[in-house]
Amino acid sequence: MNIKKLTATVVAGLTLATVTFSATGVSANSYTVKSGDSLWKIANEKNISIDELKSLNKLSSDVIQTNQTLQLSKTDATYTVKTGDSIWKIATKKQVTEQNLKSWNNLSTDIIFPGQVLKLTGSDVPVAQEAAPKATEAAPQATTPKAEQTTPKVEKTAPTTPAAAPKAEQAAPKAAAPKVEASNNSASGRQITVQATAYDAVSLGGRTASGQLVTSTSQKVIAVDPSVIPLGSTVYIPGYGTAVARDTGGAIQGNIIDLNMSTAEAVQWGRQTVTVTVK
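Below: a short report on this structure.

Attention now moves to the overall build of the protein. When helices and strands are tallied, the protein shows nine helices and 10 strands. Put simply, of all contacts in the protein between residues at least 6 apart along the chain, 64% involve residues at least 24 apart.

Printed below as a string of structure tokens:
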């Protein structure tokens, strides 16, 4: 039986998380796909053509998925911040990334205030990509002259030091071997950036969606969206440690995870954006 994550969040005092979850699909400009839906059915119910519906959501086919959010009209160009808003909440509601939202509005932090008008459109191209061609063009100019100057020197010394060539060839494999081993050991898993909240699984009965019984708030068990992190995966969370994905929940959709801990610890944890490693 699934543990009700929204109830756990209220118990932990995390009302902000609950409000954020419920606000995600309420917009009159969007529609959340239900089981049995099709583009034809949604288009007829919402008085919109199938072609327009596909264009607004950048769909190349008629395939849609349950819980997918579809835009029913063009997104507004601006948004006025309301009390209780956050960068994460606005980005989720308007279906843009937090990085782009901050970039379009020249924000260096996540701090916003009520009444502030935010742009919802702009250029998504990172500045770093524009600088890349300049770096690659400069590289041949710096290295080519050095290679041409050193080549004649090697040709002149080769006849006088015939014993030096075998030594260089023997040394090459020894230097390369440790590098290959180090690269193999560096693979640590798939990294995902998620929103992490917390709940007390024990106070809610302790029975997870995978059937495991959680008997202590110190057990490292987390709830996930199985389409993002499969149940049974081992996940490393900074500030929490290594846990196992054992549970699901109605509010745990997309890049959101819920961590098992005591109620006091859950209140202190709050909501954090972290990059986790999935194995």
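Next, the rest of the story.
The pairing of strand E5 (residues 190-199) with strand E10 (residues 272-278) spans seven bridges and is antiparallel. Along E10, the bridge assignment pairs Ala-196 with Gln-272. Here strand E7 (residues 234-237) pairs with E10 via two bridges, running antiparallel. Residue Val-235 lies in a different strand from E10, and its bridge partner there is Val-278.

To continue, consider unusual backbone geometry. Phi is positive for Asn-47, close to 55°, though the residue is something other than glycine. In this model, Lys-58 sits at a positive phi of 55°, which is unusual for a non-glycine residue. With respect to the helices and strands, the residue Lys-58 is situated in the loop between helix H4 (50-56) and strand E2 (69-71).

With respect to topology, six strands assemble into a closed barrel ordered E5-E9-E6-E8-E7-E10, the strand pairing being mixed. The average undirected angle you get between the axes of adjacent strands in this sheet is 45°.

Moving on: the pattern of salt bridges. Applying the stated criterion across every chain, the model contains four salt bridges. Note that Asp-85 and Lys-89 form a salt bridge whose closest N and O atoms lie 3.9 Å from each other. The class for Asp-85 is buried, based on a relative accessible area of 15%. With relative accessibility at 16%, the residue Lys-89 sits in the buried group.

Residues Ile-222, Ile-237, Ile-257, Leu-259 and Val-276 are the most contacted members of the largest nonpolar core, which totals 20 residues. Listing elements by their share of this core, those giving two or more residues are E5, E7, strand E8 (241-247), strand E9 (256-260), helix H9 (263-269) and E10. Examining the composition of this core, we find that four residues originate from one element, E5, more than from any other. Non-local contacts of Ile-237, meaning those with residues more than four positions away in its chain, are made with Ile-222, Ala-243, Ile-257, Leu-259, Trp-269, Val-274 and Val-276. By size, the runner-up hydrophobic cluster in this structure holds 11 residues, among which are Ala-43, Ile-48, Leu-53 and Leu-59.

Here we take up the packing of aromatic side chains. Any aromatic ring pair is given by two values, namely how distant the centres are and how the planes are angled relative to each other. With the rule as written, the count across this model stands at zero aromatic pairs. Between the NZ or CZ atom of Lys-220 and the centre of the ring of Tyr-240, over which it lies, the distance is 4.1 Å.

Burial analysis of helix H5 (residues 87-94) places six of its eight residues in the buried class, the great majority of the element. Listed as buried for H5 are Ile-87, Trp-88, Lys-89, Ile-90, Ala-91 and Lys-94.

To continue, consider the side chain of Asp-37. Of note, Asp-37 is situated in the loop between strand E1 (30-32) and helix H3 (39-45). A relative accessible area of 15% means that Asp-37 is categorised as buried. Side-chain polar atoms of Asp-37 contact the side chain of Tyr-31, separated by 2.7 Å. A polar contact of 2.8 Å, which involves the side chain of Asp-37, links it to the backbone nitrogen of Lys-34. Asp-37 has contacts with Tyr-31, Thr-32, Ile-42 and Ile-64, leaving out every residue within four places of it along the chain.

Rules used throughout
- Residues numbered from 1 in each chain as written.
- Predicted model: local features only at pLDDT ≥ 70, side-chain atom pairs only at ≥ 80, totals over all residues.
- Heavy atoms only, no water.
- Helix = DSSP H or I, 4+ residues; strand = E, 2+ residues; numbered from the N terminus.
- Contact = heavy atoms within 4.5 Å.
- Pairing = 2+ DSSP bridges.
- Axes fitted to C-alpha atoms, helices over the stretch in contact; angles between N-to-C directions.
- Salt bridge = Lys/Arg side-chain N within 4 Å of Asp/Glu carboxyl O.
- Buried < 20%, exposed > 50% of the residue type's maximum accessible area, 1.4 Å probe, protein only.
- Core = buried A, V, L, I, M, F, W, Y, C linked by side-chain atoms within 4.5 Å.
- Phe/Tyr/Trp six-rings, centres within 6.5 Å; stacked < 30°, edge-to-face > 60°.
- Lys NZ or Arg CZ within 6 Å of the ring centre and 35° of its normal.
- Polar contact = N/O pair within 3.5 Å; in protein donor to acceptor, adjacent residues only side chain to side chain.

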